[in-house]
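# Report on the structure
Each chain is listed here by its residues.
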Amino acid sequence: LEGLVAKRISAERAADFMVSTATSIFLKETDSSKFRGVMLCSSNHIDHVDAALMRRMTFKINMVEPDKETRAKIIANRFPFLKQEEVNQLCSAYNLTGASIENVAEKYILMEKIGKLENRKGIEVLHEICVQEISLKTPSRNPIGFGIKN
């Protein structure tokens, strides 16, 4: 969402002008006097979304990261071969979101399908994949794409 309706800023560069123009057009087209539909949006950076769009949204739901108990349920569901003790290990060691757990599951399944598990125990491989997934969320990692000036 924030890529489509970023906060409008003073246009110092051509890219800034294009973002502000796209935001203005989107807001005009979704004005409540014209728009007769339902719009579902999601964002990981709600603070980058234009305030005018936020005013147009009737319902806003804040999705928080799952707590340890919820993470355990998600992990147990995605990896039914794990013992409860192993599920608890993963939950304690890695503060993963639901999306991160899904990424770990997809990578594990792919490795399994292409024969890359090499007869290793599932929990060992899952620890490695979780470490990789966590490393993608570190602040020291350089972001890809364009930054938004505040």
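Quick note: structure is the one above.
Here goes a summary of the coordinates provided.

The next subject is the nonpolar core. Counting residues in hydrophobic clusters, the biggest one holds 20 residues, and the most contacted among them are Ile75, Phe79, Leu82, Leu90, Val104, Tyr108 and Leu126. If you list the elements that add at least two residues to this core, you get helix H3 (68-78), helix H4 (84-93), helix H5 (98-113) and helix H6 (122-135). In this view, Ile75 contacts Leu82, Val87, Leu90, Cys91 and Ile101; residues no more than four positions away in its chain are not counted. Phe26, Leu27, Leu53 and Met54 belong to the second largest nonpolar core, which has seven residues in total.

What follows covers the environment of Phe81. As for its placement among the helices and strands, Phe81 is situated in the loop between H3 and H4. Among the residues examined, Phe81 registers a relative accessible area of 44% and is labelled partly exposed. Excluding its chain neighbours within four sequence positions, the residues that come into contact with Phe81 are Glu86, Tyr108, Gly122 and Leu126.

On to the layout of surface pockets, then. Quantified by volume, the largest pocket comes out at close to 1300 Å³. Lining the largest pocket are 33 residues, and of these Cys41, Ser42, Ser43, Ile61 and Met63 lie nearest its centre. Elements that contribute at least two residues to the lining of the largest pocket include exactly helix H2 (51-56) and H5. The greatest single-element share of the lining of the largest pocket, amounting to four residues, is contributed by H5. The residue makeup of the lining of the largest pocket, split by class, is 16 nonpolar, 12 polar and five charged.

The rules behind these values
- Residues numbered from 1 in each chain as written.
- Predicted model: local features only at pLDDT ≥ 70, side-chain atom pairs only at ≥ 80, totals over all residues.
- Heavy atoms only, no water.
- Core = buried A, V, L, I, M, F, W, Y, C linked by side-chain atoms within 4.5 Å.
- Buried < 20%, exposed > 50% of the residue type's maximum accessible area, 1.4 Å probe, protein only.
- Helix = DSSP H or I, 4+ residues; strand = E, 2+ residues; numbered from the N terminus.
- Contact = heavy atoms within 4.5 Å.
- 1 Å grid on protein atoms, 1.4 Å probe; cavity = no way out; pocket = protein on both sides within 12 Å on 5 of 7 lines; lining within 4 Å.
- Points joined across faces, edges and corners; volume = space filled by probe spheres on them.
- Nonpolar A, V, L, I, M, F, W, Y, C, P; charged D, E, K, R; others polar.

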